[in-house]
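Summary of the model geometry
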Amino acid sequence: MRDAYSYRTDAAVPAFADDKPVIVFDGECVSCSAWIQFVLKHDKAERYRFLAAQSPLGEALYRHYGLDGRDYETNILIEDGRAHFKSRGTIRMAAGLGFPWSLVKILRLLPQGLADRLYEFVARNRLRIAGRRATCFVPSPEQRDRFLG
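Residues numbered from 1 in each chain as written. Predicted model: local features only at pLDDT ≥ 70, side-chain atom pairs only at ≥ 80, totals over all residues. Heavy atoms only, no water.

Observations regarding the overall build of the protein chain
Regarding its fold elements, the protein chain presents four helices and four strands. Mapped from its N terminus to its C terminus, the protein chain presents α and β elements in the order β-α-β-α-β-β-α-α. Taken over C-alpha atoms, the radius of gyration comes to 15 Å for the protein chain, in line with the 15 Å a tight globule of 149 residues would show. Expressed along its principal axes, the backbone C-alpha trace of the protein chain runs to roughly 35 × 35 × 30 Å. (Helix = DSSP H or I, 4+ residues; strand = E, 2+ residues; numbered from the N terminus. Rg over C-alpha atoms; globule rule 2.2 N^0.38 Å.)

Overview of the pattern of salt bridges
Under the definition given, this model contains six salt bridges. The closest approach of N and O atoms between E79 and R47, which form a salt bridge, is 2.5 Å. With E79 in strand β3 (residues 76-79) and R47 in the loop between α1 (30-42) and β2 (49-52), this residue pair connects regions lying 32 residues apart in the sequence. Judged by its relative accessible area of 8%, E79 falls in the buried class. Residue classification places R47 among the partly exposed residues on the basis of a relative accessible area of 27%. Several salt bridges converge on common partners, so that one network encompasses R47, E79 and R92. (Salt bridge = Lys/Arg side-chain N within 4 Å of Asp/Glu carboxyl O. Buried < 20%, exposed > 50% of the residue type's maximum accessible area, 1.4 Å probe, protein only.)

Here it is, written out as structure tokens:
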């Protein structure tokens, strides 16, 4: 695991607002965009910011964390300078939405290996299940300031 805020010292990662948790997601995936729309709808405290993995900053963060920038099989949650991936990141994202979504924390009881294998199965098959977006998700004017990149 990398040190908190390690991306700040990586010259390849542009500076960005990290005072709130950032969700890095596949902006071309229907199910990923649907997840972001779900978070936008239920994040009443406007806790999260969002970043498409295909943006220059998103690609730099993927490289920084040693992820394949051509295969976006995990969302990244960057919270308090630390990156969370796969099942743990998704559970943290949902839990951050408050009640009743915070009840997903019970899934932390699953062994991480099992939870990650389930996550990976869905991630590998998400484009077959939901498809690729013909057009990008466009946030409303009220939501735009929550998107980076």
